[in-house]
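# Chain and residue survey
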Amino acid sequence: MTDDNSFDDYERSLESLYEQADASAGMTLASTRNRRRNMVLLRKKSLEFAQFLDGDFTSIPYHMKRAFPSGYKKMPIRIINLLQQFVFDLATLYARAPNRMFVAAQKDAGGNNRLDPAVYQKFNDIYDRSGFDSACFQGSRKLVPQQTQVFVVLPSGPRKQIIKSFSPFEVFVTPGNALTASDIQSAAEVRIRAPVAAQDDNVLLGWMVFTPTECYWDADGTKRSIFNLTNPQDISNPWPGTIPLAAVHAVEPPPGCFIAPLADDLYHEQIGICLALSQIEFMARHSAPVKVIQPGQDGGLVSEQAEGLPMGADDWVALPGPGSTLAVIQPQPMIGEYRMMIDWMTGLLANTHNVAPDSFSKSPAAKTSVSRAYDRADRAETRDRYKRIFEPLETQLARLVARVSNLYGPDGIVLPEDVIVNVTYQEPDDAPADPVHAMQAALMTFRTGVDSPVDYLARQNGISTKAAEDKIRANLTLWNDLSKLMPTDAMNIDAPIPKADQ
């Protein structure tokens, strides 16, 4: 829904552009210009996005009151979680656990950049015990509507850490350099709203504060260290000059800002479909036939008297007064037209996000292999866009993991803080529409050298190339042994002989 403040922001931005145009033409104007951004409205929408994604639609009555000020109290509340379906189709990068290879940033004298096996195993242990894939999956889901996510890595125990992602309504950034405001590493201060104490029905929210010199929890003015668990009073930054956070943006933030715009199209469509469904049901409830007694020359009945008349298929109604008539009014609400409009708008929005429109309206008719191929191509294009976002993040998070781990290393294994992560994302589970043609196409890529059976199996099963190679060799050996036990004509299956009446 629109907000009056958003119109004011838009007018101010236009005014700024007009002044810039005048300045370029040589007109004398002030050298600086203050451009304000309505962050209260942005964070309000961000909070709603977080609630919608979790199935919490407590804000819908507020929007109903604004859209239908005179009738909202009588209207039913109906919810369709459109946002969840969009996120399900778009955030597939971490739907299956990716394969990660940790390598050193610098090669040794022999040209080798492999890590020591003990170091490599420690990385794997931390990732497994900390639920790293789950944290990245949740962050990728929230990035679709929020378009900004900030990741925090906190100490939790032996070979275990806390990895959390935060959305714009929880993050407050003071840029250190206006030109590089979108880079969280250059921030002067970052404040993150997070729980510091909780009960069943009450959560106390405090701050996580990060500056180039300090990192601390702030609960009503009481400060304690985020990273120094042995001495909580030491709130100094363990890595002076840096902000120990990582962030991603789905779109570029405005100049001088850290937080990117939200996906307003998803926001308004989600609210709009809930209001439309409530309105349609309200119209349907009040579209029953209405009986009206039209008074004659001697008058008719008041409403209280009319309510006492008998009604039913076997009842007769005696109309008082000469000339009185009984009329039946049948409203004609355009429910079908409203439904068509909802389907059309939802499909149009899906097309703009490379999502198949039939994801929102399942059809009993089977989809053709060509249409499914187009759907896969659209999803692959979207996945490639998100790969470019999350691949650099993987290395940033691995370096944060190494830093936090090295603060407390009772096992004596130091992780390299300049580690690089080579990540291979797995293909989503999607059975082909035509398995025979799909396998023929795969064989063609194998024979031309574009792909290999090992890489193909590794992507499909989410395993390493070494494990895929071992599996293929074992399968071929087993098949060779079993084929010797089969009859020589076992694979020669004759076509069935048609019957006389066929």
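Report follows, based on the coordinates.

### Description of the packing of aromatic side chains
- Per the counting criterion, the structure on display carries 12 aromatic pairs.
- Relative to phenylalanine 390, the ring of tyrosine 94 lies with its centre 5.5 Å away and its plane at 75°, an arrangement referred to as edge-to-face. Separated by 296 residues along the polypeptide, tyrosine 94 in the loop between α4 (82-90) and β1 (99-103) and phenylalanine 390 in helix α10 (residues 369-407) bring together distant segments of the chain.
- Taking 5.2 Å as the distance between ring centres and 75° as the angle between the ring planes, the aromatic pair formed by phenylalanine 102 and tyrosine 127 counts as edge-to-face. Here phenylalanine 102, found in strand β1, pairs with tyrosine 127, found in helix α5 (residues 117-129); they are 25 residues apart in sequence, far enough to count as distant.

### What to know about the pairing of strand β8 (residues 222-225)
- The pairing of strand β7 (residues 215-219) with β8 spans four bridges and is classified as antiparallel. Note that in β8 the partner of tryptophan 217 across the bridge is arginine 224.
- Linking β7 back to β8 in an antiparallel pair, the connection comprises two residues, with aspartate 220 at a positive phi of about 55°.

### A look at the sheet that holds strand β6 (residues 203-210)
- The sheet built from five strands is open, its strands ordered β4-β5-β6-β7-β8 with antiparallel pairing. Among the strands making up the open sheet, the edge pair consists of β4 (171-175) and β8. When strand polarity is set aside, the average angle formed by the axes of neighbouring strands in this sheet is 25°.
- Two strands pair when backbone bridges link them, and strand β5 (residues 187-198) and β6 are joined in this way by eight bridges, in the antiparallel orientation. Within β6, the residue paired with arginine 193 across the bridge is tryptophan 207.

### Some remarks on the pattern of salt bridges
- All chains considered together, the criterion is met by 12 salt bridges.
- A salt bridge links arginine 100 to aspartate 133, with the shortest nitrogen-to-oxygen separation between them at 2.8 Å. Separated by 33 residues along the polypeptide, arginine 100 in strand β1 and aspartate 133 in helix α6 (residues 132-146) bring together distant segments of the chain.
- Here arginine 100 falls in the buried class, since its relative accessible area comes to 15%.
- On the accessibility criterion, aspartate 133 (26% relative accessible area) is partly exposed.
- A salt bridge links lysine 122 to aspartate 411, with the nearest nitrogen and oxygen atoms 3.1 Å apart. Linking lysine 122 in helix α5 with aspartate 411 in the loop between α10 and β12 (420-424), this pair joins segments that are 289 residues apart in sequence.
- Relative accessible area serves as the criterion here: at 36%, aspartate 411 is assigned to the partly exposed category.
- Each of Lys122, Asp125, Arg159 and Asp411 takes part in salt bridges that share partners, so that together they form one network.

### Notes on helix α2 (residues 39-53)
- Along its 15 residues, α2 runs 21 Å from first to last C-alpha, staying within 8% of the 21 Å computed at 1.5 Å per residue.
- All of the buried residues along α2 are Leu41, Leu42, Arg43, Lys45, Ser46, Glu48, Phe49, Ala50, Phe52 and Leu53.
- Immediately downstream of α2, the backbone of glycine 55 shows phi near 85°, a positive value.

### What to know about the packing of α2 against α4
- For the pair α2 and α4, the least separation of the axes is 8 Å and the interaxial angle reads 80°. One way to sum up the angle between α2 and α4 is to call them roughly perpendicular. Facing Phe49, Phe52 and Leu53 of α2, the residues of α4 in contact are Leu83, Gln84 and Val87.
- Along the lines of polarity and charge, the residues of the contact of α2 with α4 split into five nonpolar, one polar and no charged.

### Points about the pairing of β12
- Of the two faces of β12, only the one carrying Val421 and Val423 is buried; Ile420, Asn422 and Thr424 on the other face are not.
- Two strands pair when backbone bridges link them, and β1 and β12 are joined in this way by five bridges, in the antiparallel orientation. Bridge pairing in β12 places valine 103 opposite isoleucine 420.

### Brief notes about the packing of α4 against helix α7 (residues 264-285)
- The interhelical angle for the contact between α4 and α7, taken along N-to-C directions, is 140°, at an axis separation of 9 Å. Comparing the axis directions of α4 and α7 gives the class oblique. Residues Leu82, Leu83 and Phe86 of α4 form the contact with α7, whose own contacting residues are Leu266, Glu269, Gln270 and Ile273.
- Here the contact of α4 with α7 is composed, by residue class, of five nonpolar, one polar and one charged.

### A closer look at α4
- For α4, the full list of buried residues reads Leu82, Leu83, Phe86, Val87, Asp89 and Leu90. Viewed end-on, α4 has its buried residues packed into an arc of 165°, placing them on one side of the element.

### Digging into the side chain of aspartate 125
- The topology assignment puts aspartate 125 in helix α5.
- Reaching out from aspartate 125, the side chain makes a polar contact with the side chain of glutamine 121 at a distance of 2.8 Å.

### Looking at the sheet that holds strand β9 (residues 246-249)
- Pairing is antiparallel across the open sheet formed by three strands, whose spatial order is β3-β2-β9. Where the open sheet ends on each side, the last strands, each with one partner, are β3 (160-166) and β9. Going across the sheet, the axis of each strand differs from the next one's by a mean of 20°, ignoring polarity.
- Here strand β2 (residues 148-157) runs beside β9; their pairing, made up of four bridges, is antiparallel. In the sheet register, glutamine 149 faces β9, and the bridge partner there is valine 248.
- Those strands touched by α6 are β2, β3 and β9, and its axis lies near 160° from that of β2.

Definitions and cut-offs
Residues numbered from 1 in each chain as written. Predicted model: local features only at pLDDT ≥ 70, side-chain atom pairs only at ≥ 80, totals over all residues. Heavy atoms only, no water. Phe/Tyr/Trp six-rings, centres within 6.5 Å; stacked < 30°, edge-to-face > 60°. Helix = DSSP H or I, 4+ residues; strand = E, 2+ residues; numbered from the N terminus. Pairing = 2+ DSSP bridges. Axes fitted to C-alpha atoms, helices over the stretch in contact; angles between N-to-C directions. Salt bridge = Lys/Arg side-chain N within 4 Å of Asp/Glu carboxyl O. Buried < 20%, exposed > 50% of the residue type's maximum accessible area, 1.4 Å probe, protein only. Expected span 1.5 Å × (residues − 1). Parallel < 35°, antiparallel > 145°, perpendicular 65-115°, else oblique. Contact = heavy atoms within 4.5 Å. Nonpolar A, V, L, I, M, F, W, Y, C, P; charged D, E, K, R; others polar. Arc of directions from axis to C-beta. Polar contact = N/O pair within 3.5 Å; in protein donor to acceptor, adjacent residues only side chain to side chain.

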